[in-house]
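Below, each chain spelled out in residue letters.
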Amino acid sequence: MLKIIIPTIMLIPLTWMSKPNMIWINTTTYGLLISLISLSYLNQPNDNTLNSSLMFFSDSLSAPLLALTTWLLPLMLMASQHHLSKEPLTRKKLYISMLILLQLFLIMTFTASELIFFYILFEATLIPTLIIITRWGNQTERLNAGLYFLFYTLMGSLPLLVALLYIHNFMGSLNFLMIQYWIQPLPNSWSNIFLWLACMMAFMVKMPLYGLHLWLPKAHVEAPIAGSMVLAAVLLKLGGYGMMRITTLLNPLTNFMAYPFMMLSLWGMIMTSSICLRQTDLKSLIAYSSVSHMALVIVAVLIQTPWSYMGATALMIAHGLTSSMLFCLANSNYERIHSRTMILARGLQTLLPLMAAWWLLASLTNLALPPTINLIGELFVVMSSFSWSNITIILMGINIIITALYSLYMLITTQRGKYSHHIKNIKPSFTRENALMTLHLLPLLLLSLNPKIILGPIY
Amino acid sequence: MKPPILIIIMATIMTGTMIVMLSSHWLLIWIGFEMNMLAIIPILMKKYNPRAMEASTKYFLTQATASMLLMMGVTINLLYSGQWVVSKISNPIASIMMTTALTMKLGLSPFHFWVPEVTQGITLMSGMILLTWQKIAPMSILYQISPSINTNLLMLMALTSVLVGGWGGLNQTQLRKIMAYSSIAHMGWMAAIITYNPTMMVLNLTLYILMTLSTFMLFMLNSSTTTLSLSHMWNKFPLITSMILILMLSLGGLPPLSGFIPKWMIIQELTKNNMIIIPTLMAITALLNLYFYLRLTYSTALTMFPSTNNMKMKWQFEYTKKATLLPPLIITSTMLLPLTPMLSVLD
């Protein structure tokens, strides 16, 4: 694992010591090289033997997330080039260093084998994200957004610290690979209920669960593009990843405790999808769509069947790439008209046809068109929730319809129809932007050829 | 103050604390406390304004009362055990009196009312000495009598201190009062595990002293005592604003900075002793502390204070103020977390 971590750490001296006109080129190139290394972890001999050291390990759940994280750093750097072009050099380097630091913490989080180490890095990812949102966001609401983001997450995760230390005391060790063999069933009692809640609430807030999702629209909307990308693509998946790891310790109480959260997620996904239909703010629409997709992941993780775990993993990777791509597209709009309102930039297909193609593909993957991996994820989750309870098929069906509705609404409002007459003099698409969209889309489409690498450890 | 006098007074302060820490006879400990207190009064009164006078008077009254309470406890202990040696106190009344006296010296709730007002009335340098050096002596005595302290009393004081420190600091814009409430909250954390694992108290005290020293030195570089003056720092010392950002987050106890180490260790020790609700409550209340530190960093480092075009870009001269040992202090206050496994040498 050091072969990824040390190069990532060394990216920071690279940014600070590069020549001023080379900082973006250097960091993007070396970031892409690092992501190439992480792809080697996708080759998983399926007997859990990929233990790199005492502190790091990788298995079929963390390897795709690791690849996603390392793939995203060069993309974030490419996306940030435009809005940082007017800043002084030191601030550019600071921004890039924050992104690299965040990447470093995320890599270590996804490969941590001890749960307290995982917790420390889980919390550590908050600091660079907070700095990126609050320092480089664009509106005054970003202060509130940073506050909501930090405090919602911390309120959930402090009980997690206490619960982990209690489990450490109880079991003797928190090394994830060893705990798998020492688990005892968790009976149903009040103190165990609180233990379950303490363990899970941190990840529920992070996902986010429907009732605790207030931080997400604020944070996603106010963050600059790289912040939105990393938030939507990776930080939400931290919650899913953590939930999948920690539910191994919490059986069979999960069957009892899962009901309220299942209700919240099932209802919440329909609610947030419906809100998307009424949004005027483009980034806010994509943010609420993230809540909706993540609610599916919560449902899948709480059901705990093999198919649902496969669906959850696939959905996390697929949603990461799709959501990040949608934010990049929204940002390309924002950079031209400096407003996030959808109806101000209509009919873009006439003016930027290639970008319209990317919009189309992004919306199609967002609504889970076959044969993309989005569909595989959603379909597996729908099927497993049907087997859990027959009635959920109604809610899932409604959700799929409403997801299709708002994705197409977003597509049609921004791309089709007559263009608004004041956008005739926007700049044409940069090659950088087209490259960015391609780099998002290619993994998404290629993975539909071989989805087994993202289907997780149960496959 | 003339240098020879300052040296004598500083030496007396240090000697007083040393005497407290090194002696085994209760009378000498009282002598040390009194020396310390009497010598620090002129330091508190460096500026001749009524606020400083009031602050020194309040400080003197509380500390003298606490010393007298301590002597009362010592005498009761003498009555019941027949000896003056500092060791386990067998009589519960004496133990409670001593605990009350020492917590009064530290500024733990419910005896915390003097801390913000005294800290506010004095200069930044004196405030620094007050909040760091003065905590060492009472803590060392608490460490020595820790087997016999009444856990319920101290845990109650600790919980209320963390609550008071969190809530009290929310409405403040004066930096010295913010640091005073921060001190109350951190003392609360320390008091909570004295009875369970006193070594963690020493760890917390050390890290707290390092962080508070760094914070005060950064404030003194700019001579800023209000949030407003701190918010102008982006123009004069841009590097210091990032330092304040990291330091404030460390004081708030965010991983992966070293402010997280004491909280983590304290919660670990408390859960080992089967207390689950109290560490959870303390940890969540520490978020209140984090809120006002975060507000400071917002106005200092993360936003640019509204300023006219004339104020932008002052000449950035080199520092002329002495910032003794500032780089090592900042590094130890923020980057010590990876060394936490070294704590296993204590076993």
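Residues numbered from 1 in each chain as written. Chains lettered and ligands numbered in written order. Predicted model: local features only at pLDDT ≥ 70, side-chain atom pairs only at ≥ 80, totals over all residues. Heavy atoms only, no water.

**Thoughts on the nonpolar core**
Core analysis: the largest hydrophobic core is formed by 280 residues, its most contacted members being Ile246, Leu302 and Leu329 of chain A together with Trp26, Met139 and Trp264 of chain B. Beyond its immediate stretch of four places on either side in the chain, Trp26 of chain B contacts Leu70, Val74, Asn77, Trp84, Val85, Val86, Ile89, Met98, Ile141 and Ile145 of chain B. (Core = buried A, V, L, I, M, F, W, Y, C linked by side-chain atoms within 4.5 Å. Buried < 20%, exposed > 50% of the residue type's maximum accessible area, 1.4 Å probe, protein only. Contact = heavy atoms within 4.5 Å.)

**Structural notes on the packing of aromatic side chains**
All chains considered together, the criterion is met by 20 aromatic pairs over all chains. Relative to Phe203 of chain A, the ring of Phe118 of chain A has its centre 6.0 Å away and its plane inclined at 40°; by these criteria the two rings are tilted. Taken together, the positions of Phe118 of chain A in helix α5 (residues 115–124) and Phe203 of chain A in helix α9 (residues 190–206) put the pair 85 residues apart, joining distant regions of the chain. As far as burial versus exposure is concerned, Phe118 of chain A and Phe203 of chain A are alike and both buried. Taken together, the ring pairs in this structure connect Phe110, Phe118, Phe122, Phe203 and Tyr241 of chain A into an aromatic cluster. Seen from the ring of Phe122 of chain A, Lys206 of chain A lies directly overhead, with NZ or CZ sitting 5.5 Å from the centre. The ring of Trp189 of chain B carries the charged tip of Lys263 of chain B above its face, separated from the ring centre by 5.1 Å. (Phe/Tyr/Trp six-rings, centres within 6.5 Å; stacked < 30°, edge-to-face > 60°. Helix = DSSP H or I, 4+ residues; strand = E, 2+ residues; numbered from the N terminus. Lys NZ or Arg CZ within 6 Å of the ring centre and 35° of its normal.)

**Notes on the UniProt feature "domain: NADH:quinone oxidoreductase/Mrp antiporter transmembrane" (unreviewed entry) in chain A**
Those places that UniProt annotates as "domain: NADH:quinone oxidoreductase/Mrp antiporter transmembrane" (unreviewed entry) correspond, in this numbering, to residues 112–402 of chain A. The span residues 112–402 of chain A is 79% helical and 0% strand by assignment, and the distance between its end C-alpha atoms comes to 38 Å. (UniProt positions renumbered as here; feature names shortened; annotations may be inferred.)

**Some remarks on the interface of chain B and chain A**
Contacts between chain B and chain A engage 26 residues on the former and 27 residues on the latter. Across the chain B/chain A interface, buried area totals approximately 2500 Å², and carbon plus sulfur atoms make up 85% of it. Contact with chain A buries area across many residues of chain B, yet Leu287, Tyr298 and Leu302 of chain B alone supply 23% of it, more than any other trio. Between the two partners, chain B and chain A, sit zero salt bridges. (Buried area = accessible area lost by both parts, 1.4 Å probe. Salt bridge = Lys/Arg side-chain N within 4 Å of Asp/Glu carboxyl O.)

**A few points about the UniProt feature "transmembrane region" (unreviewed entry) in chain B**
Per the UniProt annotation, the sites labelled "transmembrane region" (unreviewed entry) are residues 5–22, 57–80, 92–115, 151–171, 202–221, 233–254, 274–294 and 323–346 of chain B. Taken as a whole, residues 92–115 of chain B contains 71% helix and 0% strand, while its terminal C-alpha atoms sit 28 Å from one another.

**Focus on helix α10 (residues 198–222) of chain B**
Residues and elements named next belong to chain B. With 25 residues, α10 extends 37 Å between its outermost C-alpha atoms, agreeing within 8% with the 36 Å of an ideal straight helix rising 1.5 Å per residue. Within α10, 19 of the 25 residues are buried, which leaves it mostly tucked inside the rest of the structure. Ser223 sits one or two residues past α10 and shows a positive phi near 50°. (Expected span 1.5 Å × (residues − 1).)

**A word on the pattern of salt bridges**
Taken as a whole and assessed by the stated rule, the structure comprises six salt bridges over all chains. Across the pair Asp281 of chain A and Arg340 of chain A runs a salt bridge, and its minimum N-O distance is 3.1 Å. With Asp281 of chain A in the loop between α12 (253–277) and α13 (282–303) and Arg340 of chain A in the loop between α14 (306–337) and α15 (348–351), the pair connects residues that are 59 residues apart, well separated along the chain. Arg340 of chain A shares its class with Asp281 of chain A; the two are buried. Two residues, Glu54 of chain B and Lys58 of chain B, come together in a salt bridge whose shortest N-O distance is 2.8 Å. Taken together, the positions of Glu54 of chain B and Lys58 of chain B, both in helix α3 (residues 50–81) and four residues apart, correspond to about one turn of that helix. The partly exposed category is assigned to Glu54 of chain B, whose relative accessible area is 42%. Linked by salt bridges that have partners in common, Glu54, Lys58 and Glu117 of chain B make up one network.

**Details of the side chain of Arg432 of chain A**
Residue and element names in this part refer to chain A. You can see Arg432 is positioned in helix α19 (residues 431–447). Among buried charged residues, Arg432 stands out as having no salt bridge; its nearest opposite-charge side chain is Glu335, 4.1 Å away. Within the structure, the side chain of Arg432 is placed 2.7 Å from the backbone oxygen of Met78, a separation counted as a polar contact. Non-local contacts of Arg432, meaning those with residues more than four positions away in its chain, are made with Met78, Ala79, Gln81, His82 and Glu335. (Lys, Arg positive; Asp, Glu negative; His and termini not counted. Polar contact = N/O pair within 3.5 Å; in protein donor to acceptor, adjacent residues only side chain to side chain.)

**Quick notes on a nonpolar patch on the surface**
All names here are of chain A. Together, Phe386, Ile391, Ile393, Ile394 and Ile398 make up an exposed nonpolar region whose accessible area comes to about 450 Å². Considering every element that reaches the nonpolar patch, the biggest residue donor is helix α18 (residues 392–415), with three residues. Mapped onto the secondary structure, Ile393 falls in helix α18. (Patch = residues over 30% accessible without salt bridge, like charges linked within 9 Å, V, L, I, M, F, W, Y side chains within 5 Å. Areas by Shrake-Rupley, 256 points an atom, 1.4 Å probe, with all protein chains shown as cover.)

**Brief notes about the packing of helix α8 (residues 151–168) of chain B against helix α9 (residues 175–192) of chain B**
Residue and element names in this part refer to chain B. For the pair α8 and α9, the least separation of the axes is 7 Å and the interaxial angle reads 155°. The angle between the axes of α8 and α9 places the two elements in the roughly antiparallel class. When the axes of α8 and α9 are compared, the crossing they make is left-handed. Residues Leu154, Met155, Ala158, Ser161, Val162, Val164, Gly165 and Gly168 of α8 lie in contact with α9, whose contacting residues are Tyr181, Ile184, Ala185, Gly188, Trp189, Ala191 and Ala192. Taken together, the residues of the contact of α8 with α9 break down into 11 nonpolar, four polar and no charged. (Axes fitted to C-alpha atoms, helices over the stretch in contact; angles between N-to-C directions. Parallel < 35°, antiparallel > 145°, perpendicular 65-115°, else oblique. Left-handed = near helix turned anticlockwise from the far one by under 90°. Nonpolar A, V, L, I, M, F, W, Y, C, P; charged D, E, K, R; others polar.)

**Concerning unusual backbone geometry**
Only a minority of non-glycine residues have a phi that is not negative, and only a minority of peptide bonds are not trans. The omega angle of the peptide bond from Pro370 of chain A to Pro371 of chain A is -5°, so this bond is cis rather than trans. For the peptide bond that leads from Ser109 of chain B to Pro110 of chain B, omega is 0°, which places it in the cis range. Mapped onto the secondary structure, Pro110 of chain B falls in the loop between α4 (92–106) and α5 (114–121). The phi angle at Gln304 of chain A is positive, at roughly 60°, despite the residue not being glycine. Relative to the assigned elements, Gln304 of chain A resides in the loop between α13 and α14. On the basis of relative accessible area, Gln304 of chain A is assigned to the partly exposed category, the value being 22%.

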